[in-house]
Every structure is written in structure tokens, then in C-alpha cells.
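The lines below spell out each chain.
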Amino acid sequence: MTDAAYNFAYLDEQTKRMIRRAILKGLAVPGYQVPFASREMPMPYGWGTGGVQVTAACLTPDDVLKVIDQGADDTTNAVSIRRFFERTGGVAVTTRTEEASVIQTRHRIPETPLTEGQILVYQVPIPEPLRFLEPRETETRKMHALEEYGLMHVKLYEDIAHNGAISTAYAYPVKVEGRYVMDPSPIPKFDNPRLESAAIQLFGAGREQRIYALPPHTKVVSLDFEDHPFDPSKADHDCDLCGSGSSYLDEVIMDDEGGRMFVCSDTDYCATRRARGFRGALSSEEDAA
Amino acid sequence: MYVAVKGGERAIEAAHDWLAEERRGDPAVPELTLEQIREQMTLAVNRVMAEGSLYDPDLAALAIKQARGDLIEAIFLLRAYRTTLPRLGVSIPVDTGAMRCDRRVSATFKDVPGGQVLGPTFDYTHRLLDFALAAEGEAPRARQAEPRQEPTPRVTEFLNKDGLIQDEVRTEDTPPDMTRQPMEYPAGRALRLQALTRGDEGFVLGMAYSTQRGYGRTHPFVGELRIGAVEVEMEIPELGFAICIGEVTLTECETVNQFSGSRTEPPQFTRGYGLVFGQTERKAISMALVDRSLRWQELGEENTGAPAQDEEFVLAHADNIQGTGFLEHIKLPHYVDFQSELELVRRMRADAMTAKDPAT
């Protein structure tokens, strides 16, 4: 059911064209942050307005859309964004990673490997990987232009000197095709290896007015040192519902006495495994039956 | 047993229903009409139009009603609506010299051609709660007089005749539109003024206040403050000339600042400029102070490192819709990021404990 008062997927065609041009430029220069005239959306800045604009510019009426937040299809903001496109675009939606042609995500890459033809759209809060080292946009743009990334390496080195390890657990910086240092959005560093993907990956930052992109099979290297190699760690557990030993886990507090369980953050991945008969340590009786 | 968090959709719907009920309040109390808000909450309507960058008192009143009086939320509603409107064209610059002034004061001259006109101002009211207002009474009537007929020339023009104030050079360039192209720094004055006029009143006030207190000293006088209606004219290509398409109320403030001269400029007075939709005096004066402060480079002044001299700092943080959105987004789930932090802290703690007590 489409809201007839608005254009397909809310944005007018001129605006979509402007965004598509930014996306194409981003794909042509992987990892480079393309400024774009971000519009004011009917949801707050910081809640996915960049991702929503990129998704709106990519969607066609034949697309099947999946929206996740923290890996889950049913977190409130994912529900809200999915409903927005159902209402303004009338597009088909799914929770199945394999069935989706466009996936908008916040903070996760789906566990199921993406394939050619799929588009993964990230919501990005702070697109500038150097922002917390240098607050000025005028300076950071210069640093990117000159490939001046010494400051970032010094920061990682200082981490090791102070803490014995690189103390960045999410939004872990990467280098794209040996050129631009890029913020992969606040995904856990566990997800970083999957930034090398067969799908098109688009990053939208609405408030900061930036779009950047990774074309399929782009080389993406997480920054590290030879003697301190990158470590995509996760909780040392299996999923208590589906038993997966390789997926990223959320920790759920069960009671006020330290009881906890670990479950897949990717709800579709977990549900699919359970449907196939996989069981975890705390699966309920009905599940096992 | 843990049950995956389902039902987000139902929870959202229920929350929205509750919100609607709370917005209405006690149904025994008559509902506010948009006309009441527009006519009796005029300064709130003005602020919402100014920071929403959309001059429409009825829509602003609707936004205030829908937002339960939360003005930043109302500004957000207006901005989101504004996005959906086509940009039909550009008006010719409004002539504030021809403004029909409701209020016009100068702090630099005792009397000026056109006169000092106080208008409907809070100035000189004693801020005593008027308990009579709590009861409904007859509508107050102000005394009437013949309107002044003479023109109200701009006060700064008097100084300009003697070359005592820095000249503003007229250009015919079409200014950039910050709602249609991404902000880039350095922004230039036209973009700066756009960002300030829609910037958060509290933020712009705070920045202006900081320059008065000594963080990047500006020493301004209100050369002139005028509030009133101006005509908006637009060139219509089919006609080949400009016609009046409507009227807006504006507040304009020009400050006169002392300036001792620099290597490039002789000693003279300089200007700061504020122009805001509606009767929005505090904002227009604040804007003029911040504008002047940001002009340090152009006038060859020293950068003392004051926040209000820093264009990128001021412009990047003046917008309350951007600010409130990003601030409030930390309410959204962050389980995944938090989990990765949790693991990192646990591992680093374990390493630190082992290092401290290698025996165990």
C-alpha cells in the first residue's frame, strides 16, 4: 500500500539522481567520501537518514528489501525504516538475507555471504575515520588527498603501547585498494573480513552529507602491524539457540545473579539454522521436539 | 528462557497511540486550535518558521500542536515537510529599507530620521507574573496614532556617508543554497549567514554571548534593529519583470563594531548582520554578533582561538535538528558495539591481571 502523496520511495526524482551520481562517483573511487546534498528526512539525523537516502535512490519497484539493526530484523528502528519503504515505495520486504536484493543495515554485516547483484547499504554516523584524531573537515580532507595517514598509525601504536592491544572494537579502520583509509561504520571488527564481498556496498552518512562505496571484490585491509596482526575476535562461546560456533554473538542477561546466554546477533541466520535442526545448549524443549 | 525480542512493530504502534492521547491532554479541557496557536503563541510560531526555514505561520502552528509544544520537534516537522517542496525559483533580494516597521530602534543615535519606534516589545516591562491573565478578560486595546509617513533610512548609511563604516560591496552573484548543496569549508559569508539564520537560537545566543564576555572580543552596538513586513518580489520569466508574490515579516539587525584598523584596513567601524524570519529579536542580534566575529579573516584581525571565530566549529554545530538527532540516536540499540567493547575490556583486564600477578 503506497502513500500516494509522495513520490516512489519518498524522494523526488531530481534528488535521487543527485544521490545516484554521488553513489557512482563513490563506486568509481572506492573508499573516497563523496559530499552530497543530504536532504532532511522525516526521521531524525543519526537514525539512518544517510542509509535511507541511499536505499531510496537504489530501490526499484521490483526490489526486495531487508532492513536490520544490530543484525536483527525486528529491532525498533529497523521496523520503522522497513515500514517507511513499505509505505512510500510499496516494495516487497523480507527477513531472509538470500532473498533480499537491497539490505539496509546498521552496525552489522549479515552472516550469510552476500552474492553478486545484492546491495548492502550501511547507515553511517561519522564517515570520517580521522575525525577523532583531527576534528576539522578542512584538515582531514587534506590528509586524505595527501594520503597522510601517519596520525592513524600513531594512534594504533599508542593503543598498543598503553594497553598492549589495539583498543578499537568496532568501526575499526580499513584501507581500501591500498589508497583511502575508510570507516566501515560501527560494525564490530569481527565483521571486517566480510567487507571483501561479492555485493555492492554503499555507505550513507546523512547528517555529515557523505556517501562512499565499495564495489564488489574490492580489496579491504584492516589496519594493523606485522607484530600485532588484526584479530577479528568475538565472544568465546557458541550460540545457545542454534549452536553456531562461527557467528557474532549478543550477550543476554538472564537474571540478576550473573546468569547470561549468548545468541546470534543475526536473527535470520540463527532462525534459519534452527529451522534446519541445529540446536544450542539452551534451546527449549519445543524447539528440540 | 530467553525469547528473541519480537513485537517491535506492535510496541511502536502502541507508543504512537499513547503519544497521541498525551498530546491531547485532558479531553475535558477544550482542544487548542491552530488559530489560537498562531495568534497567541506568535513568537513560538516565529521561531519555528525561522529555524524550520519555511515561512508559513499556519503550518508552524500545526507543527507546534503536533509536537506538544516542543519547538525543536516542531522545527523538525517543518523541515521534513520543506524537503518535499519543489524549489521553484529565487526571489529578488528583499528591500528591508522599504520595510513597514512595527519596531525600529537604534542604540547609536538619540534620534534618527524615521524615529525610534518601540513597537510591541518586552523591553521595559517589569517581569512580574500578571495574574490577571490567568482569568479570561476583555481583549486589550492599544492606543492608536497616525502612522509615520516618512521613510526610514538605514542608520548605518549615515555613517557610510562619512566613510566611517566599512562598506558592504554589492554583488550580483546568486548565493549558494545550503539546503541544495553540501556544506563545504571555508563556507563564505553568504552560506554562513544562511546557516546562522536557521541555526538554533540558544546556540547562536551562546556563541554571541561568549564574544561579549571576552572569548574573541567584539564590541558591538545595535546600530539598528527593525522588525516589520517586507514585500517579496520575483522575476517571472513569462512577464519579463518582477511582481510581488507575498509579504513576510522579518527582523533585521545591524551592529556597529569598533575596529582599530589592521595592516589592510584603516580604522573605521565594521558591521555584523542578522536577518531572521518573524519577530525574532534575540536571534537576529545574536546572529549579527556571530557574523561579525566570523569575519576576522576578511578584516585582517587576529584569530585569538575563540570558539566564535571558528567558522567550522560554529556552522557545524549550529543546527539543532542535526544536533538533536545525533544526540538522541544514542538511545538506539548499540548491543553489537557494546558487546565488542565488553569483550575487549574483559580481555584487556585479564591480560592486566595476569601481568600484575604472574604467579597465578
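Residues numbered from 1 in each chain as written. Chains lettered and ligands numbered in written order. Predicted model: local features only at pLDDT ≥ 70, side-chain atom pairs only at ≥ 80, totals over all residues. Heavy atoms only, no water.

**Structural notes on unusual backbone geometry**
Selection rule: Runs of H or I in DSSP of at least four residues are treated as helices and runs of E of at least two as strands, each being numbered from the N terminus. Accessibility here uses a 1.4 Å probe with only protein chains present; expressed as a share of the type maximum, an area under 20% marks a residue as buried, one over 50% as exposed, and anything in between as partly exposed.
Backbone torsion omega between tyrosine 185 of chain B and proline 186 of chain B reads -5 degrees, so that peptide bond is classified as cis. Structurally, proline 186 of chain B is set in the loop between α6 (155-161) and α7 (189-197). If you check the backbone angles, histidine 217 of chain A has positive phi at about 60 degrees while not being a glycine. Tracing the sequence through the fold places histidine 217 of chain A in the loop between β9 (210-214) and β10 (220-222). Take histidine 217 of chain A: its relative accessible area is 53%, and that puts it in the exposed class.

**Points about a nonpolar patch on the surface**
Inclusion rule: Nonpolar side chains (Val, Leu, Ile, Met, Phe, Trp, Tyr) are joined into patches within 5 Å and like charges within 9 Å, using only residues with over 30% relative accessible area and no salt bridge. Computed with the Shrake-Rupley method and a 1.4 Å probe, the accessible areas treat only the protein chains shown as cover for residues. Between Lys or Arg on one side and Asp or Glu on the other, a salt bridge is scored when a side-chain nitrogen of the former is within 4 Å of a carboxyl oxygen of the latter.
A cluster of nonpolar side chains, Leu239, Phe241, Ile243 and Ile245 of chain B, forms an exposed patch at the surface whose accessible area comes to about 350 Å². If you trace the backbone, isoleucine 245 of chain B turns up in strand β3 (residues 241-257).

**Observations regarding the packing of helix α1 (residues 13-28) of chain A against helix α2 (residues 49-58) of chain A**
All names here are of chain A. Put simply, the rule is: Axes here mean lines fitted to C-alpha atoms, for a helix over just the part in contact, with angles spanning 0 to 180 degrees between N-to-C directions. Should an angle lie under 35 degrees it is considered roughly parallel, over 145 roughly antiparallel, and from 65 to 115 roughly perpendicular; all remaining angles are considered oblique. A contact between two residues is defined here by any heavy atoms of the two lying within 4.5 Å. Residues are grouped as follows: nonpolar covers Ala, Val, Leu, Ile, Met, Phe, Trp, Tyr, Cys and Pro; charged covers Asp, Glu, Lys and Arg; every other residue, Gly included, is treated as polar.
In the contact formed by α1 and α2, the axes pass within 9 Å of each other and the chain directions differ by 100 degrees. Considering their axes alone, α1 and α2 lie roughly perpendicular with respect to each other. Packed against α1, whose contacting residues are Lys16, Ile19, Arg20 and Ile23, the element α2 presents Gln53, Val54, Ala56, Ala57 and Cys58 at the interface. Partitioned by chemical class, the residues of the contact of α1 with α2 number six nonpolar, one polar and two charged.

**Details of a negative patch on the surface**
Just so we agree on the cut-off: Counted charges follow a simple rule, with Lys and Arg positive, Asp and Glu negative, and His plus the chain ends left uncounted. The location of each charge is read from NZ of Lys, CZ of Arg, CG of Asp or CD of Glu.
On the surface, a cluster of negative charge is contributed by Asp95, Glu231, Glu233 and Glu235 of chain B. Mapped onto the elements of the fold, glutamate 233 of chain B is located in strand β2 (residues 220-236).

**Observations concerning the nonpolar core**
All names here are of chain A. Quick note on the threshold: Only buried Ala, Val, Leu, Ile, Met, Phe, Trp, Tyr and Cys residues count toward a nonpolar core, and they belong to the same one when joined by side-chain atoms within 4.5 Å.
The biggest cluster of nonpolar side chains holds 42 residues, and the ones touching the most others in it are Ile23 and Phe85. At the level of elements, α1, α2, β2 (64-69), α3 (76-89), β5 (119-123), α5 (150-163), β7 (180-182) and β9 are the ones that each hand at least two residues to this core. When residues in this core are grouped by element, the largest group, five residues, is from α2. Once residues lying within four places of it in the same chain are set aside, the contact partners of isoleucine 23 are Val54, Ala57, Cys58, Leu202 and Ile211.

**Topic: the domain arrangement of chain A**
All names here are of chain A. Condition: What marks off one domain from the next here is an automatic or database domain assignment. Here the buried area means the combined drop in accessible surface, using a 1.4 Å probe, for two parts upon being joined, counting both sides. Side-chain atoms alone can form a polar contact between residues adjacent in sequence; in general such a contact is a pair of N or O atoms within 3.5 Å, and within protein one must be able to donate a hydrogen while the other accepts it.
With domains assigned, chain A is organised as domain 1 (13-222) and domain 2 (235-282). Taken over C-alpha atoms, the centre of domain 1 sits 26 Å from the centre of domain 2. When domain 1 packs against domain 2, close to 950 Å² is buried across both sides, 44% of that on carbon and sulfur atoms. Connecting domain 1 to domain 2 are one salt bridge. Arginine 96 is paired through a salt bridge with aspartate 268; the nearest N and O atoms lie 3.3 Å apart. Between the two partners, domain 1 and domain 2, sit eight residue pairs in polar contact (both at pLDDT 80 or more). Of the residues that constitute the side of domain 1 that touches domain 2, the class distribution is four nonpolar, five polar and six charged.

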